[in-house]
Amino acid sequence: MKKPLTHMLFCLLLLTFLLPVSVKAEEKNRAEMTVTDHQVGISLEIPAGKTDAIHSLRVKVSVTSFDAEDLSGTFAFHESISSTVKDAAWMAKDSGYVMDVILSGKQDLIGENGILSLGTLSLSSDSKNWSAVVSIPENALEYVNSFGNYETVTDLHGDSVTVKVENKEPETTPTPVPTATPVPTATPAPTVTPTPNPPSPPVVIPTVTPVPPTPTPEATPVPTQTPQPSPAPEFKPSDKTTLSASVKNGSNRVTFTWKKVKGADGYQIYQYNSKTRKYERLKTVLDPKVTSYTSKALSYGTTYSFKIRAFQVKENGERTYGAFSKTIKASTAPGKVSSFTAKSSRKKEAAISWKKVKEAAGYQIYRSDSLKGTYKRIKTVTGNTSVKYTNKKLKSGKTYYYKVRAFSKTSSGTRIYGNFTSVKKVKVK
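The rules behind each value
- Residue numbers restart at each chain and count upward from 1, following the sequence in its written direction.
- This being a predicted model, a pLDDT of at least 70 is required before a residue's local features are given, and a value of 80 or more before pairs of side-chain atoms are given or counted; all residues contribute to the totals for chains, interfaces and linings.
- Values reported for side chains reflect all heavy atoms of the structure, with hydrogen atoms and water molecules removed beforehand.
- Each salt bridge in this description consists of a side-chain nitrogen of Lys or Arg and a carboxyl oxygen of Asp or Glu lying within 4 Å of one another.
- Secondary structure elements follow DSSP: runs of H or I of four or more residues count as helices, runs of E of two or more count as strands, with numbering from the N terminus.
- Aromatic pairing here means that ring centres of Phe, Tyr or Trp (its six-membered ring) are within 6.5 Å. Orientation follows from the plane angle: under 30 degrees is stacked, over 60 is edge-to-face, and everything else is tilted.
- Note on classification: 1.4 Å probe, protein chains only; a residue is buried when its accessible area is under 20% of the maximum for its type, exposed when over 50%, partly exposed between these limits.
- Our definition puts a charge over a ring when NZ of Lys or CZ of Arg is within 6 Å of the ring centre and also within 35 degrees of the ring normal.
- Pairing between strands is defined by DSSP: at least two bridges between the two strands are required.
- Each axis is a line fitted through C-alpha atoms, and for a helix only the stretch in contact is used; angles between axes span 0 to 180 degrees, taken between their N-to-C directions.
- Residues are treated as being in contact if the distance between any of their heavy atoms lies within 4.5 Å.
- Put simply, a nonpolar core is a bunch of buried Ala, Val, Leu, Ile, Met, Phe, Trp, Tyr and Cys residues held in one set by side-chain atoms that sit within 4.5 Å of each other.

Caption draft 1: Fine view of the pattern of salt bridges. Enumeration over the complete set of coordinates arrives at three salt bridges. Arg-58 is the partner of Asp-100 in a salt bridge, and the nearest nitrogen-oxygen pair spans 2.5 Å. You can see Asp-100 sitting in strand S6 (residues 96-104) and its partner Arg-58 sitting in strand S3 (residues 54-64), a full 42 residues away along the chain.

What follows is the structure, encoded as structure tokens:
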């Protein structure tokens, strides 16, 4: 009888030690978020049972707001992150927004404690009072391990957080009116019997000493009337400004410039939303001296439409809006070429291939004889149907270095280039 009882006790003790281990394993693959004012700090504990290094990572943070139509977000990476590639793009999706965060480099992104301090998401809106719910869905985390395998974490845990901003105007307390002090009733004066005056002594008039005449001061000149300041320039609602836009190579941000409007106190830039088929306010500029603005990150390889209008603020705070400018279009740079490979399968040849890039009008291939040498363009592939090229007549046994970039065309026909791929080394047969 003692042996079965001893066996049961041993099993209970074993379960007692194993249970905390099991709970700890379930706590892995977590997204932790902390809220401070309008900022959300994000850290990740990934993945459960991680045994190898993670060099590349992508996570999509979901943001939903029901009372801020012009919500915008920026992302600042934690100072401890030293990755070669650090990028974050803010975009509208369905009925909300997504902050798409990407990291890639040579070092392991996850520390010894299994935690990655990702960074801080900052939200802003022109609305006075607004709120937003921030969350990371279970399947929003993707990574590439040190063996080059692409994996998705489907069991990411984490509670959503709420950012709430309230800017209430202070209520004015009415000044109390003082109560009038009652005036006392006048007391009747007593009747006074006049006392007879004694006879006055004779008055002696002294000799008058002549007084020198006081000099008359010169008349003070009347100042000339102060000129009144010139009236402020009249604001005409019919006045339009001229809007222009430009995009740098490799960038997904648009830089706007415009001309001043007389009497304007600010400007509003609008962007066309192809889903709602309406123009939505992108930015309100409250300084009339400012005539330029650079947008937040937009989608790569996409053409957008914009327009602008001026406004004047009256004494009572109301705004008078001017007419909209002509609509202009601006295209962001195409995305970076992915799945780029270069190898030598035949003598004196190097075969190069890559994956199509959205909205690309063509590709440029560059080559160098050394890794840090001068790269020269050896081929321009027009169109978006061909995604491969064979470099022939090379020297056998020699090593060459290649890189590729995509390009698109603006409405005026000007090319805008995407970022180069990483360099691929090929030793020719």
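Back to the write-up after that little detour.
Caption draft 2: Examining the packing of aromatic side chains more closely. Inspection of the entire model under this criterion finds twelve aromatic pairs. A ring pair is formed by Phe-311 and Tyr-321, whose centres lie 5.9 Å apart and whose planes are at 55 degrees; its orientation type is tilted. Of this pair, Phe-311 sits in strand S17 (residues 303-313) while Tyr-321 is found in strand S18 (residues 319-321), placing the two residues ten residues apart along the sequence. The class of Tyr-321 is partly exposed, set by a relative accessible area of 32%. Taken together, the ring pairs in this structure connect Phe-256, Tyr-293, Tyr-304 and Phe-306 into an aromatic cluster. The aromatic ring of Phe-311 is capped on one face by Arg-319, whose charged end is 4.3 Å from the ring centroid. For Lys-403, the ring lying beneath its charged end belongs to Phe-420, and the centroid distance is 4.3 Å.

Caption draft 3: Quick look at the sheet that holds strand S24 (residues 388-391). The antiparallel open sheet is built from three strands, whose spatial order is S20-S21-S24. Taken across any chain shown, the strands that pair with only one partner, and hence form the sheet edges, are strand S20 (341-343) and S24. Taking the axes of each pair of neighbouring strands and ignoring which way they run, one obtains an average angle of 15 degrees across the sheet. Pairing analysis gives three bridges linking S20 to strand S21 (residues 350-353), with the strands arranged antiparallel. From the neighbouring strand, Thr-341 faces S21, where its bridge partner is Ser-353.

Caption draft 4: Representation of the side chain of Lys-307 within the structure. Among the structural elements, Lys-307 can be located in strand S17. With near-sequence residues (within four places) excluded, Lys-307 lies in contact with Leu-243, Gln-268, Ile-269, Tyr-270, Tyr-279, Phe-324, Ser-325, Lys-326 and Thr-327.

Caption draft 5: Spotlight on the nonpolar core. Judged by nonpolar contacts, the single largest core of 39 residues is most densely connected at Leu-121, Leu-123, Val-134 and Ile-136. Broken down by element, this core gets its largest block of residues, five residues, from S3. Those residues in contact with Val-134, other than ones at most four positions away along the chain, are Met-33, Val-40, Val-61, Ser-62, Val-63, Leu-121, Leu-123, Ser-160, Val-161 and Val-163. Grouped together as the second largest cluster of nonpolar side chains are 21 residues, Phe-256, Ile-269, Phe-306 and Ala-333 included.

Caption draft 6: Fine view of the sheet that holds strand S4 (residues 72-77). Strand order across the open sheet formed by four strands is S1-S2-S7-S4, with antiparallel pairing between neighbours. Because the sheet does not close on itself, it has two edges, and the strands there are strand S1 (30-36) and S4. Here the strands of the sheet are splayed against their neighbours by 25 degrees on average, with no regard to which way each runs. Relative to strand S2 (residues 39-45), S1 runs antiparallel, the two sharing seven bridges. Bridging from a neighbouring strand, Thr-36 pairs with Gln-39 of S2.

Caption draft 7: Inspection of unusual backbone geometry at higher detail. Phi at Asp-37 is positive, roughly 55 degrees, even though this residue is not glycine. With a relative accessible area of 63%, Asp-37 lands in the exposed category. Positive phi is not limited to glycine here, since Glu-359 has a value of about 65 degrees. Secondary-structure assignment places Glu-359 in the loop between S21 and strand S22 (362-368).

Caption draft 8: Representation of the pairing of strand S15 (residues 278-285) within the structure. As judged from the seven bridges shared by strand S14 (residues 266-273) and S15, these two strands associate in the antiparallel manner. By the bridge assignment for S15, Tyr-272 is matched with Tyr-279. If you look at the hairpin formed by S14 and S15, you'll find four residues sitting between the two strands, and Arg-277 has a positive phi there, around 60 degrees.

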